[in-house]
Structures are given as structure tokens and as C-alpha cells.
Amino acid sequence: NSKLLVIVFSLLMPFTNANAQFFELGSGLTATSASSDGSVVVGDNGGQNFMWTEGSGVVLIGGVAPQGFGGQAAVSADGTLISATRINPSTNLGELSSYNVATQTWTSHGSLGSSSGSSASSAWGMSSDGLTIVGLGWINAGSAHAIKWTAAGGVEDLGSSVSGRSTRANAANSDGSIIAGWQDSPSGFRQGAIWTNGVQSLITHSNGDRATEAGAISADGVWACGGQGFSNDFQAWKWSDATGIIDIGPAPTSGWRGAATGLTADGSKAVGFYRPWPAPATFGRGFIHTELDGMLDLTDLAITLGNDLQGAILALPLGISDDGSTVVGVTNSGQGFVLRIPSEPLNNSCSGAIALDCDAIVTGSTANATDSGGEAAPDVYYSYTGSGTIENITISLCGGGTNYNSYLRVYSDCTLATEIITNDDFCGEQSELTFESDGSSTYYIMVEGAGVASGAYSLEISCAPILGLNNNVLSSLVVYPNPVDNQLFIRNSEPIKVVTIFAITGQKLLHMAPNNTSVKINTDHLQSGVYFAHIE
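Reading the values: the criteria
Residues numbered from 1 in each chain as written. Predicted model: local features only at pLDDT ≥ 70, side-chain atom pairs only at ≥ 80, totals over all residues. Heavy atoms only, no water. Helix = DSSP H or I, 4+ residues; strand = E, 2+ residues; numbered from the N terminus. Rg over C-alpha atoms; globule rule 2.2 N^0.38 Å. Contact = heavy atoms within 4.5 Å. Areas by Shrake-Rupley, 256 points an atom, 1.4 Å probe, with all protein chains shown as cover. Lys, Arg positive; Asp, Glu negative; His and termini not counted. Charge placed at Lys NZ, Arg CZ, Asp CG, Glu CD. Pairing = 2+ DSSP bridges. Axes fitted to C-alpha atoms, helices over the stretch in contact; angles between N-to-C directions. Phe/Tyr/Trp six-rings, centres within 6.5 Å; stacked < 30°, edge-to-face > 60°. Buried < 20%, exposed > 50% of the residue type's maximum accessible area, 1.4 Å probe, protein only. Lys NZ or Arg CZ within 6 Å of the ring centre and 35° of its normal. Polar contact = N/O pair within 3.5 Å; in protein donor to acceptor, adjacent residues only side chain to side chain. Disulfide = S-S within 2.5 Å. Salt bridge = Lys/Arg side-chain N within 4 Å of Asp/Glu carboxyl O.

(A) Quick look at the overall build of the protein chain. A tally of helices and strands in the protein chain yields one helix and 45 strands. Relative to the compact-globule value of 24 Å for 536 residues, the protein chain shows a C-alpha radius of gyration of 31 Å, a clear excess of over 25%. Partitioning the contacts of the protein chain with sequence separation of at least 6, the portion at a separation of at least 24 is 54%. When the accessible surface of the protein chain is totalled, it reaches about 22,500 Å², and 50% of it is carbon and sulfur. Side chains of the protein chain carry 18 positive and 46 negative charges; the gap between the two charge centres is 5 Å.

(B) Local environment of the sheet that holds strand E3 (residues 21-27). Spatial ordering of the open sheet is given by E3-E30-E29-E28, a layout of four strands whose pairing is antiparallel. A single partner strand is all that each edge strand has here, and the edge strands are E3 and strand E28 (316-320). Going from strand to strand, the sheet's axes swing by 20 degrees on average, the running direction of each strand aside. Looking at chain direction, E28 and strand E29 (residues 326-330) are connected through four bridges and run antiparallel. Residue pairing across strands places Gly-319 opposite Val-328, the latter belonging to E29.

(C) Representation of the packing of aromatic side chains. A full pass over the atoms with the stated rule returns eight aromatic pairs. Between Tyr-274 and Phe-287 the ring centres are 5.9 Å apart and the planes differ by 45 degrees, which places this aromatic pair in the tilted class. Of this pair, Tyr-274 sits in strand E25 (residues 269-275) while Phe-287 sits in strand E26 (residues 285-290); the two residues are 13 residues apart in sequence, bridging distant segments of the chain. Residue Tyr-274 is classed as buried on the basis of its relative accessible area of 1%. For Arg-190, the ring lying beneath its charged end belongs to Trp-182, and the centroid distance is 4.1 Å. Across from the ring centre of Trp-223, 4.2 Å away, lies the NZ or CZ of Lys-238, which sits over that ring.

(D) Geometry of the environment of Gln-487. Following the sequence through the fold, Gln-487 ends up in strand E41 (residues 487-496). Of the residues examined, Gln-487 reaches a relative accessible area of 31% and is grouped as partly exposed. Taking the C-alpha atoms as reference, Gln-487 lies 74 Å from Gln-235; in sequence the two are 252 residues apart. Not counting residues up to four positions away in its chain, the partners in contact with Gln-487 are Tyr-480, Pro-481, Lys-520, Ile-521, Asn-522 and Thr-523.

(E) Representation of the pairing of strand E9 (residues 81-88). Among the eight residues of E9, six are classified as buried, and the element is accordingly described as predominantly covered. The sheet contact formed by strand E8 (residues 74-75) and E9 spans two bridges and is antiparallel. Residue pairing in the sheet places Ala-74 in a bridge with Ser-83 of E9. Connecting E8 to the antiparallel partner E9 that follows it, the hairpin turn spans five residues, and Gly-79 within it adopts a positive phi of roughly 75 degrees. Bridging between E9 and strand E10 (residues 93-100) involves eight bridges; their strand directions are antiparallel.

(F) A look at the pairing of strand E39 (residues 456-465). Here E39 lies mainly inside the structure; seven of its ten residues are buried. Alignment of strand E34 (residues 391-396) against E39, held across six bridges, turns out to be antiparallel. Of the residues in E39, the one forming a bridge with Thr-394 is Ser-462.

(G) Representation of the side chain of Ser-321 within the structure. Mapped onto the secondary structure, Ser-321 falls in the loop between E28 and E29. A polar side-chain atom of Ser-321 sits 3.2 Å from the main-chain amide nitrogen of Ser-325.

(H) Region of interest: the state of the cysteines. Evaluation of the coordinates by the stated rule reveals three disulfides. Between Cys-358 and Cys-463 runs a disulfide, and the two sulfur atoms are separated by 1.5 Å. For the disulfide bridge between Cys-358 and Cys-463, the dihedral angle about the S-S bond is near -90 degrees, and by the sign convention the bridge is left-handed. Note that Cys-358 is positioned in the loop between strand E31 (354-355) and strand E32 (359-365) and Cys-463 in strand E39, a separation of 105 residues in sequence.

(I) Focus on the sheet that holds strand E19 (residues 199-202). Across the sheet, which stays open at both edges, the four strands sit in the order E16-E17-E18-E19 with antiparallel pairing between neighbours. Lying at the two open borders of the sheet, with one neighbouring strand each, are strand E16 (167-172) and E19. Direction aside, neighbouring strands of the sheet carry axes that sit 30 degrees apart on average. Inspection of the sheet shows strand E17 (residues 178-184) paired to strand E18 (residues 190-196) by seven bridges, in the antiparallel sense. Note that in E18 the partner of Ala-180 across the bridge is Ile-194.

(J) Representation of unusual backbone geometry within the structure. With an omega dihedral of 10 degrees, the bond running from Trp-277 to Pro-278 counts as a cis peptide bond. As for its position among the elements, Pro-278 is in the loop between E25 and E26. Positive phi outside glycine occurs at Asn-197, with the angle close to 50 degrees. Position of Asn-197 relative to the elements: it lies in the loop between E18 and E19. One non-glycine residue with positive phi stands out, namely Leu-416, at about 60 degrees.

(K) Inspection of the pattern of salt bridges at higher detail. Scanning the model with the defined rule gives eight salt bridges in all. Linking Glu-54 and Arg-340 is a salt bridge whose minimum nitrogen-to-oxygen distance equals 3.0 Å. One end of the pair, Glu-54, is in the loop between strand E6 (49-53) and strand E7 (57-62); the other, Arg-340, is in strand E30 (residues 335-340), with 286 residues separating them in the sequence. Between Arg-285 and Asp-297 there is a salt bridge, and its shortest N-O distance comes to 2.7 Å. Here Asp-297 lies in strand E27 (residues 294-297) and Arg-285 lies in strand E26, a separation of twelve residues in the sequence. The structure contains a network of salt bridges with shared partners spanning Glu-375, Arg-409, Glu-419 and Glu-448.

In C-alpha cells:
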């Protein structure tokens, strides 16, 4: 019954991980926009507009649907204001309007003084702050101009840079200073257009060809998006003034046409669709795009995140919340949908590594992370900075709570160029490794999966100082006998404040605070094996 004892202690750090959620809103409902956190969703049912929250479900709020009147419902970042088209009771014509959620009242905001059929103007987008509504106003029965409405300025005509041709504003940034939409060319082609403080510029491809209309703009005003043009083989695209057009594709099926329909606040994520042409958009498949992961099939992603879609295909995403947590749109069967996507872990990249103390126990999941190196699996990062003493640092996923085939790596810096140590399958499918800290450097720990595996984990870090005889406090420390039979003795010239005994798995077996220079520990209850002691 021999037992070897060395040094370690523990500290708990919490970690939370949200689950993905999927909601079908009902047949015939088209979800078009979400508040910044996705808690409020708006759209139309083919006859009037609706508002949805998880608590209230679908609530019809009036106004008119696009058919015959034009427009698309949008919602402010805080979910308190909704823009859409409604019949102005004073003119009996459809007009750009707003709905106040708190008072449940509509307000019509006018037009350019003309009409086409039953429509005078229509609302297509709203700034994040809810103070600007953009859309289309008729200047005669056959031509329309992009318009911008604010409480201070009323309806403003954004005009047309091509004589006799129409324009439309589709979306606005956070404060309404930058607007995205389209400008009819002399041939009638709807070219993407941006208005910055009322001044129009047109979007073109790198070869000078006109880009298709811009359907959405990021809240920061940097990015716009669109698609389905011949100049880039009908690919979806996103654009900034600095980068020009970035194609999102290619199409998942040859001959399909795509468009990006929504952007997060910083433009880092885009949603959209690809569809067979000229079939309806609900015959296609939706996507989500990030710079790191490229284009991902939205239906496949939803299933991977654990959603039972019951055969539904997320065919037509029409919007994404500013924070990227919520995608809204229409399924292949014409059902409105809301998909909540868990956010990436805070330590998804090495630059966001979470600092660990001796001896932390942290829990988390790699399921929502991205892959930045090592295996093809998603990964997250932690860091450890030396405490001033040369130490052996042990990182372990063996203590229980890790439910997938894990892999550990340690790097000297975030370039990931110098890998110090790596381990796979130290204890079954779980990993454990030990490396030496020089006492001052910062080390970066990658937690990932073998192959493409991902899941929940419980990570433990323990620190064992490598002591020299010049350490005055511990120079007289005596731990004996080693191996141990029935009793362990610890003596030191300075009082021993705390002794904690751990199993090799990290399980705490004994904790005592003797505050004495001599300690005796009975070990009869311990099975034969290797144990760790932390001595303060």
C-alpha cells in the first residue's frame, strides 16, 4: 500500500453555454426582421403585419402586407418600434408608417404627394435606433424614388441619378445616415446603391459591371449585401467601400442563384439563400456566412446544434439580429421560422483566451466554437501565466464531465507556431498533459476534439512548484515516508497552514488546516496508488 504525495490545489470558475432553439411561427407567415437580441420578430401573414416574442407568440398588429402596397416590416434594435406599410385613413392610400409597441398605435408618415394604384409610399427598412424609416414614394403612377423619413425632417426625396428612372431605399444603418437600396439603370437594371448623408454612390463589381440591388446594410454602415446578378455568376455578395464586393458562394447546386438578405451589426455574419431558377425561393436552401467558416448550410447547422426540424428546410432566411443570435425567415413549406443560434464562446480565439489560476476547474463546450488550428474540430483557449516560481503545470480532462473524444495542446504564443506539448487519449478518450512553466511566461492551452469531435468538457489545471534548497520557507520541509504505509508525516520549521490531498483524477479526498509545524495523516482509508498533496 504505497502512496506518493506531491503538490496541488483547486478553484472553481463557472462557464455557461446556451442551447439552440427553433420556432415555427405558422403557415403563411413571413418573418422579415428581428430586434438586436432577437427577442422581438416582425413580419406579415399575407394580409397584415405581426409581432412575435417567445412569451406572447404571434400577435397581429394591423397595417397591410406587401401584396398590392409594397414594403417589408422591420423593427428597431430595442424592439419598441416597428416600420411597415398601412392604409392612411385620411387618404385611403398605403403609406410608410410606424407602430408603437407600447401604445399599440399606428402613425402614417406621408409620401411624395403622388400615388400608383392604392399605394402612395411604402416602408422597407428602419434604422436601429428607430428614428429613421426608409422606403419608396411614388412621384407619378409609373415612377418612384427612394425616400427617408425622420420626425425632424419628414419625408425626404433621395432622388434618382438616372433621369426618368426609379430608386428605392431598402435598409438603413443604426442612425439612418447611410442607406442601402437600388437605382434603376437606363436599361432598367436595378443597380445596388448607397446613400451617405443623402449623397448617392453606386456599387459595381471589380470589372466595372453593375452589382444588383443592396437589400440590407450593417448597423455600423460599413457593409451592404445583395445578389443574383450575372456579373458574378449569380452569387450572393457582401460589399464594403474598403473591400469592394466579396462573393458568397459558389452555389451549392450548379445553376442556382443566391442573395444575401441580412447582416449583423458589424457585418461579420450574413444570411441569405440559394435557389433553383426560376423556381420560388422556398425551393432553395438558406445559408449563414462568416469570414472564418465561409458559407454554411443553415438547415444543416440547425440540426448540428441539436434542433429537430421535423423535415423542414430553412429555405429563405430574410434577416439576422444585430448580435447574430437569431435568424428569421420562411421554411420550404411556407412556415415562418425563428432560429436561435448559440453564440461563440468568449474564448473562441486565442486572443480571447481565459486566464486560469492554480488550480482551476472550468467547464464549457466546444460545440459552438470554430476551428482555428490543430485538429479539424472546433477549439477554445485558456492561458496560464507563471507565478514567479518554476512549476510543473498539469492540464487534465480526465476528471469527469468531458463527453467527447478530446485533444489538448499548449502553445508559447497566439501565433500557434510553437507547440510545446500535445496529448490525445491519456485516460481513455480524454486528454492530460504536463509542461514546465518558467515562472514568468504566458502559455496558451487549446481544448479541442480528436478529428472533428466536439462537446462539453471539464478542465482541471494543477501546479506543482519545482523547489530549490534556497527556498527559506520550505528548505526544512520533510514529507515521509515515501512510499507511505499507514501514516504520512509532514514537518517544517514554519507552521503548516493547510494540507489538501487529491486523487490523481483531481478528486479532493482530505482537507485540513493544522497550523502546526508537525502533521500526521492516517492513510489507511486510501487505496494503493499515486496521490497529490498541496501544502501551504
